[in-house]
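Reading the structure
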Amino acid sequence: MITWENTYRELEESGVDVVVVAVGALEQHSIHLPLGQDWLCVQAVARRIAERLNAYLLPALPFSNSQEHQDFKGTVWLQPATLGQVFKDIVASLRHQGFRKVVLVNGHGGNWILKPTVRELNLARTGITIVWVGPETWAPGAATLKELHAGRNETSRALALYPHLVKDRRVDFIPDATREYLDYVGVKGASPEGVWGEPTKATAEEGRRLMEEGLEASVKYITQTFARIEEIQRRLGAG
């Protein structure tokens, strides 16, 4: 694996051809998890993925689309179009330098703009392929109506990764609402303490298990997807 801690010469000589780009968020995570939860977690996930793939790991982006958390102090967000353009600029930089494979590890469910951005870049057929890996792959079970935000799943991963940042006081709360209410009234309108789940049931042991399961699933998906895309591209080129 190569990171920003290496020199450009070391990167040139490494032969690495895959780049891992992670996008986190800076937003409230109730009264027990840090504002940087999504950024800290996705950065840890991306590093582990890059190690398995022997890839070039970029620093995780800390700001993204967190408008639904705007009523909680400390949350910082970009407009969707801004985030989409930032990712396009990153990809353009990598393409200019000869990279042809990018893995986008998304660490926040609200970053919906990145999905159509990935589609746009791939279908432009400029010679670079981007594979999307979201929480649905690296954090299975994290996006159910019982575990939507700062709940058992997310808190367990935090306890496994950085227990010193997890507060003992936790509030369990599952709103009587569906996910789209975050678009109507924001998180605070659905949950006054900003939690959607049961963090009191979280354990570090469960967090370690979830992290390993998610990592295995992610690396398998990335490897198989790149291989399948290359096969399809060869067939289209031959036709």
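Please refer to the structure higher up on the page.
Below, the discussion takes up the environment of arginine 48. One can find arginine 48 in helix 2 (residues 37-53). Arginine 48 sits in the partly exposed class, given a relative accessible area of 33%. C-alpha of arginine 48 to C-alpha of methionine 1: the two residues are 47 residues apart in sequence and 9.7 Å apart in space. Beyond its immediate stretch of four places on either side in the chain, arginine 48 contacts Leu161, Met211 and Leu215. A distance of 3.1 Å separates the side chain of arginine 48 from the backbone oxygen of alanine 44, its partner in a polar contact.

It is worth spelling out the packing of helix 2 against helix 6 (residues 152-161) at this point. Helix-helix packing is characterised by the crossing angle of the two axes and by the distance between the axes. Taken N-terminus to C-terminus, the directions of helix 2 and helix 6 make an angle of 65°; their axes are 11 Å apart at the nearest point. With respect to each other, helix 2 and helix 6 are oriented roughly perpendicular. Of the two elements, helix 2 crosses helix 6, and the hand of that crossing is left-handed. Every residue of helix 6 that contacts helix 2 at Gln37, Asp38, Cys41, Ala44 and Arg48 is listed here: Glu154, Arg157, Ala158 and Leu161. Partitioning the contact of helix 2 with helix 6 into residue classes produces 4 nonpolar, 1 polar and 4 charged.

This brings us to the environment of glutamate 193. Within the secondary structure, glutamate 193 sits in the loop between helix 7 (181-190) and helix 8 (204-238). Here the alpha-carbon distance between glutamate 193 and glycine 84, two residues 109 residues apart in the chain, equals 30 Å. Those residues within four positions of glutamate 193 in sequence are excluded, and the remaining contacts are Gln28, Ser30, Ile31 and Phe72.

Time to look at the sheet that holds strand 2 (residues 56-57). Across the sheet, 4 strands lie side by side as 2-1-3-4; this open sheet has parallel pairing. Since the sheet does not close on itself, it has two edges, and those belong to strand 2 and strand 4 (129-133), each with one partner. In the sheet, strand 1 (residues 18-23) pairs with strand 2 via 2 bridges, with the strands oriented parallel. The residue of strand 2 that forms the bridge with valine 19 is tyrosine 56. Relative to strand 1, helix 2 is tilted by about 170°, and along the sheet it contacts strand 1, strand 2 and strand 3 (101-106). Running at roughly 160° to strand 4, helix 4 (residues 114-123) makes contact with strand 1, strand 3 and strand 4 of the sheet.

We now examine the packing of helix 3 (residues 80-96) against helix 4. As a packed pair, helix 3 and helix 4 sit with axes 9 Å apart at the nearest point and diverge in direction by 35°. Regarding helix 3 and helix 4, the two cross each other, and that crossing is right-handed. Here Leu83, Gly84, Phe87, Lys88 and Val91 of helix 3 lie close against helix 4, whose contacting residues are Leu114, Thr117, Val118, Glu120 and Leu121. Taken together, the residues of the contact of helix 3 with helix 4 sort by class into 6 nonpolar, 2 polar and 2 charged.

Within the structure shown, the criterion is met by 2 aromatic pairs. Their ring planes at 25° and their centres at 5.9 Å tell us that tyrosine 56 and phenylalanine 99 sit as a pair that is stacked. Here tyrosine 56, found in strand 2, pairs with phenylalanine 99, found in the loop between helix 3 and strand 3; they are 43 residues apart in sequence, far enough to count as distant. Across the pair, exposure class does not vary: tyrosine 56 and phenylalanine 99 are buried alike.

What follows concerns helix 2. The terminal C-alpha atoms of helix 2, which comprises 17 residues, lie 24 Å apart, in line with the 24 Å expected from a rise of 1.5 Å per residue. Regarding helix 2, the residues found buried are Gln37, Asp38, Cys41, Val42, Ala44, Val45, Ala46, Ile49, Ala50 and Leu53. Immediately downstream of helix 2, the backbone of asparagine 54 shows phi near 50°, a positive value.

What follows deals with the nonpolar core. The biggest cluster of nonpolar side chains holds 32 residues, and the ones touching the most others in it are Val20, Ile49, Val103, Val105, Trp138 and Ile222. Mapped by element, the contributors of at least two residues to this core are strand 1, helix 2, strand 3, strand 4, helix 6 and helix 8. Ranked by the residues each element gives to this core, the list is headed by helix 2, at 7 residues. In this structure, valine 20 is in contact with Ala46, Ile49, Ala50, Ala55, Tyr56, Leu57, Leu58, Val103 and Val105, ignoring residues within four places of it in sequence. Core analysis: the second largest hydrophobic core is formed by 23 residues, Leu11, Leu58, Ile90 and Phe99 among them.

Cut-offs used in this document
- Residues numbered from 1 in each chain as written.
- Predicted model: local features only at pLDDT ≥ 70, side-chain atom pairs only at ≥ 80, totals over all residues.
- Heavy atoms only, no water.
- Helix = DSSP H or I, 4+ residues; strand = E, 2+ residues; numbered from the N terminus.
- Buried < 20%, exposed > 50% of the residue type's maximum accessible area, 1.4 Å probe, protein only.
- Contact = heavy atoms within 4.5 Å.
- Polar contact = N/O pair within 3.5 Å; in protein donor to acceptor, adjacent residues only side chain to side chain.
- Axes fitted to C-alpha atoms, helices over the stretch in contact; angles between N-to-C directions.
- Parallel < 35°, antiparallel > 145°, perpendicular 65-115°, else oblique.
- Left-handed = near helix turned anticlockwise from the far one by under 90°.
- Nonpolar A, V, L, I, M, F, W, Y, C, P; charged D, E, K, R; others polar.
- Pairing = 2+ DSSP bridges.
- Phe/Tyr/Trp six-rings, centres within 6.5 Å; stacked < 30°, edge-to-face > 60°.
- Expected span 1.5 Å × (residues − 1).
- Core = buried A, V, L, I, M, F, W, Y, C linked by side-chain atoms within 4.5 Å.

That's the geometry; what it means functionally is another story.
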